[in-house]
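Topology and contacts: notes
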Amino acid sequence: MSYIPALPREAVSATVGASLDAVQKKLGVLPNMFRTFAHTPVALNAYLQLAEAAAGGRFTAKQRELVALAVGERNGCDYCLAAHSAIGRMVGLDAAQIAAARSASADAPGDAALLALAQRIVDTRGHVPTAELDAFKAAGFDDAAILELLVNVVLNIYTNYTNHLARTDIDFPAAPAQRAA
């Protein structure tokens, strides 16, 4: 049961409602996480603006979903794992790619480097050793990519922690349990 409930659409202000309507139009559904953010335009707009900025960057929708899965797994966010497993399938990821991303691995070397650094950003709270940043660059990335990846990681930490605090009711099919490595 949620701690901070997802608000019904009719219970929010006109401004917040318009934002929720735009989310529903884009996704075809209005997930509980957005109805939870709707308690304050600050939370909802923070998510929407950061997500829009991240979507306008160099990483593809598939790569952004891979990162979301790796970060969600590291943070133990069942809501985000369920949501990004579903969204990942919508952008073309298969079950094996979704499972691998949750373990911060991928077949494509660039994606593998992206996930390794995303996971290390979470694990080290941003204090990633220089050698690991250099390895990311050696995989074909630059300083701008490091910062852009950070935006994607932070976006997912924000949703992970929101769902932890709110105990958001999961309204996506549950992600399968991962076997211990």
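Here, every reference points to the structure presented above.
Conventions we followed
Residues numbered from 1 in each chain as written. Predicted model: local features only at pLDDT ≥ 70, side-chain atom pairs only at ≥ 80, totals over all residues. Heavy atoms only, no water. Helix = DSSP H or I, 4+ residues; strand = E, 2+ residues; numbered from the N terminus. Buried < 20%, exposed > 50% of the residue type's maximum accessible area, 1.4 Å probe, protein only. Contact = heavy atoms within 4.5 Å.

Quick look at the environment of L117 now. With respect to the element layout, L117 can be found in helix α7 (residues 109–124). Look at L117 and you get buried, because its relative accessible area is 3%. When the C-alpha positions of L117 and A11 are compared, they lie 41 Å apart, and in sequence the two are 106 residues distant. For L117, the contacting residues outside a window of four places in its chain are V128, L133, F136, I146 and L149.

Below, the discussion takes up the environment of V71. Relative to the helices and strands, V71 is located in helix α4 (residues 61–74). In sequence terms V71 and L115 are 44 residues apart; their C-alpha atoms lie 8.6 Å from each other. Apart from residues lying up to four places away in sequence, V71 is in contact with A118, V122, V153, N156, I157 and N160.

To continue, consider unusual backbone geometry. The phi angle at A104 is positive, at roughly 60 degrees, despite the residue not being glycine. Relative to the assigned elements, A104 resides in the loop between α6 (95–102) and α7. Positive phi values are uncommon outside glycine, yet R167 reaches one of about 55 degrees. What makes R167 partly exposed here is its relative accessible area of 49%.

The analysis is restricted to geometry; functional conclusions fall outside its scope.
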